[in-house]
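In case you want the letters, here they are:
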Amino acid sequence: KGFMLDEKYGYVHSCPTNLGTGMRASVHIDLPGWTEHGVDKLKARCEELALQPRGTRGESGGQTGCTYDISNKHRLGYSEIQLVQTMIDGVNTLYKEDLEWQEKLFKFPDIKSTHSLVAKHVTKEIWEKLGKHVTKTAGFTLYKAIACAIEFDNQHCGIYAGDWDSYKDFADVFDPLIQEYHGISADAKHTSDMDFSKITGNVNPAAPVHSTRIRVGRSIDGFGLSPGITKEQRLGVEKLMKAAFATFKDELSGQYYPLAGMDETIRQQLVDDHFLFVSGDRNLQVAGMERDWPEGRGIFHNTDKTFLVWVNEEDQLRIISMEKGGDVLGVFKRLAKGIQAVGDSVEKESGKGFMLDEKYGYVHSCPTNLGTGMRASVHIDLPGWTKEGVDKLKARCEVLALQPRGTRGESGGQTG
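These remarks concern the structure in this document. (Residues numbered from 1 in each chain as written. Predicted model: local features only at pLDDT ≥ 70, side-chain atom pairs only at ≥ 80, totals over all residues. Heavy atoms only, no water.)

### Side note on the packing of aromatic side chains
Two numbers describe a pair of aromatic rings. These are the distance of the centres and the angle of the planes.
Line of reasoning, step 1. Using the criterion set out here, one finds eleven aromatic pairs in the structure.
Line of reasoning, step 2. Between Phe300 and Phe307, the aromatic rings sit 6.4 Å apart at their centres with planes inclined by 70°, giving edge-to-face as the arrangement. When sorted by exposure, Phe300 lands in the same class as Phe307, which is buried.
Line of reasoning, step 3. Ring pairs connect the aromatic residues Phe245, Phe248, Tyr256, Phe300 and Phe307, which therefore count as one cluster.
Line of reasoning, step 4. The residue whose ring lies beneath Lys168 is Trp164, and the NZ or CZ to ring-centre distance is 4.2 Å.
Line of reasoning, step 5. Above the face of the Phe354 ring, Arg218 is positioned so that its terminal group lies 5.9 Å from the ring centre. (Phe/Tyr/Trp six-rings, centres within 6.5 Å; stacked < 30°, edge-to-face > 60°. Buried < 20%, exposed > 50% of the residue type's maximum accessible area, 1.4 Å probe, protein only. Lys NZ or Arg CZ within 6 Å of the ring centre and 35° of its normal.)

Structure (structure tokens):
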């Protein structure tokens, strides 16, 4: 007997996609220039060259870093020699173009935010050392990290991390920048403590507090951070969180609403509740956080609407506890309980924990959020201070290690 060889369809296989040669000729090759230029653009270029790019972990394993599996796209209609030649010629073309992209993309950039921390700490010497480096987890580069400082002229910090590797691999930039921003020493270590029993007292019940809100960010180890996270990783985070939400009981129990395919009635309700995060923030777009929007993103809230989790916004997770009035201790208790529930479920499902750095605490995409990643706040009427003067209130808050701002968010201003 011989091999099954059909006159029309070539070598016979169980799957018709393999008919013809049944051959897949491939190489694993590093393409940092193309990675920086964009994976979608690499895919389009491979289509023109009759090639198929994929990650090094197989057909559905995703792609990380700058290493790709490049193979011939076709099986049927071409001879084995033609397909091998196509692969050789195509890989050589991609490599030549990759060098051109490296030359263009990895040269020392023009940093528009000249007074930013990035402009101070990303020197030509540092760039020569780190400019071509690509991180392992998310394929992130220093160019991507400082994209906002390059694009805009109004950045104070101007840098984001694409994965935990970024803080380690680009430490020559991140370490001094973080130390300067947070006012910590080079040998500082962070301590986290969520034991609410250690909190004494509460906000004066007579104080005119409208509402209390405490939020933290959390990132699951093994996945990229929002600026660098791959599509597969983002969906992996969402999958873990869906499993976690299903385990929530009592006051934490509720429902998850994915942004993709969201019903208009639900969307409007989330807008009315001021729960919905939306696309369109230019900083987040330039930093790479709105890629593949809205896939892999969503919002969970409990039945009472006092506990929320944002999935895959600026951070993998934003965990929020809030309620009307000034019971800060009660809000913090619920937050601690919710964080524990999320962490326990993720560890049970995946064996992974939250990214917790000995030096910088909980890891976030923005270095300004390192440490606790927590913002505990109240909305309160202060007519006496308003009459005395907002600038004087700001000065007093500085003495008390507090930050005052308007009720419309970080840049929304203050009225009343």
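### Overview of helix α9 (residues 171–182)
Line of reasoning, step 1. For α9, spanning twelve residues, the distance from its first C-alpha to its last is 15 Å, which sits close to the expected 16 Å at 1.5 Å a residue.
Line of reasoning, step 2. Turning to α9, its buried residues are Ala171, Val173, Phe174, Leu177, Ile178 and Gln179.
Line of reasoning, step 3. In this structure, the buried side of α9 is in contact with α4 (117–121), α5 (124–130), α6 (142–145) and α8 (164–169).
Line of reasoning, step 4. The positive-phi residue at the C-terminal boundary of α9 is Gly183, with phi of around 70°. (Helix = DSSP H or I, 4+ residues; strand = E, 2+ residues; numbered from the N terminus. Expected span 1.5 Å × (residues − 1). Contact = heavy atoms within 4.5 Å.)

### Some details on the sheet that holds strand β3 (residues 26–30)
Line of reasoning, step 1. With respect to topology, three strands assemble into an open sheet ordered β3-β5-β4, the strand pairing being antiparallel. Across the chains shown, the open sheet's two edge strands, defined by having one partner strand only, are β3 and β4 (51–54). Going across the sheet, the axis of each strand differs from the next one's by a mean of 30°, ignoring polarity.
Line of reasoning, step 2. With four bridges connecting them, β4 and strand β5 (residues 67–72) associate as antiparallel partners. Among the inter-strand pairings, Leu51 is bridged to a residue of β5, identified as Asn72.
Line of reasoning, step 3. Packing against the sheet, helix α2 (residues 39–48) makes contact with β4 and β5, and its axis sits at approximately 155° to β4. (Pairing = 2+ DSSP bridges. Axes fitted to C-alpha atoms, helices over the stretch in contact; angles between N-to-C directions.)

### Some points on the packing of helix α10 (residues 231–247) against helix α13 (residues 328–350)
Line of reasoning, step 1. One way to put it is that α10 packs onto α13 with a least axis distance of 9 Å and a crossing angle of 125°. As judged from the angle between their axes, α10 and α13 are oblique. Regarding α10 and α13, the two cross each other, and that crossing is right-handed. On the side of α10, the interface is formed by Leu240, Met241, Ala243, Ala244 and Thr247, while α13 contributes Val342, Ser345, Val346, Glu349 and Ser350.
Line of reasoning, step 2. Per-class residue counts for the contact of α10 with α13 are six nonpolar, three polar and one charged. (Parallel < 35°, antiparallel > 145°, perpendicular 65-115°, else oblique. Left-handed = near helix turned anticlockwise from the far one by under 90°. Nonpolar A, V, L, I, M, F, W, Y, C, P; charged D, E, K, R; others polar.)

### A word on the packing of α2 against helix α3 (residues 80–105)
Line of reasoning, step 1. Taken N-terminus to C-terminus, the directions of α2 and α3 make an angle of 145°; their axes are 11 Å apart at the nearest point. Handedness of the α2/α3 crossing: right-handed. Touching Leu42, Arg45 and Cys46 of α2 are Thr93, Leu94 and Glu97, all from α3.
Line of reasoning, step 2. Partitioning the contact of α2 with α3 into residue classes produces three nonpolar, one polar and two charged.

### Concerning the side chain of Thr306
Line of reasoning, step 1. Its place among the elements puts Thr306 in the loop between β8 (298–302) and β9 (307–311).
Line of reasoning, step 2. Aside from chain neighbours lying at most four places away, what touches Thr306 is Ile320, Ser321, Met322, Glu323 and Arg334.

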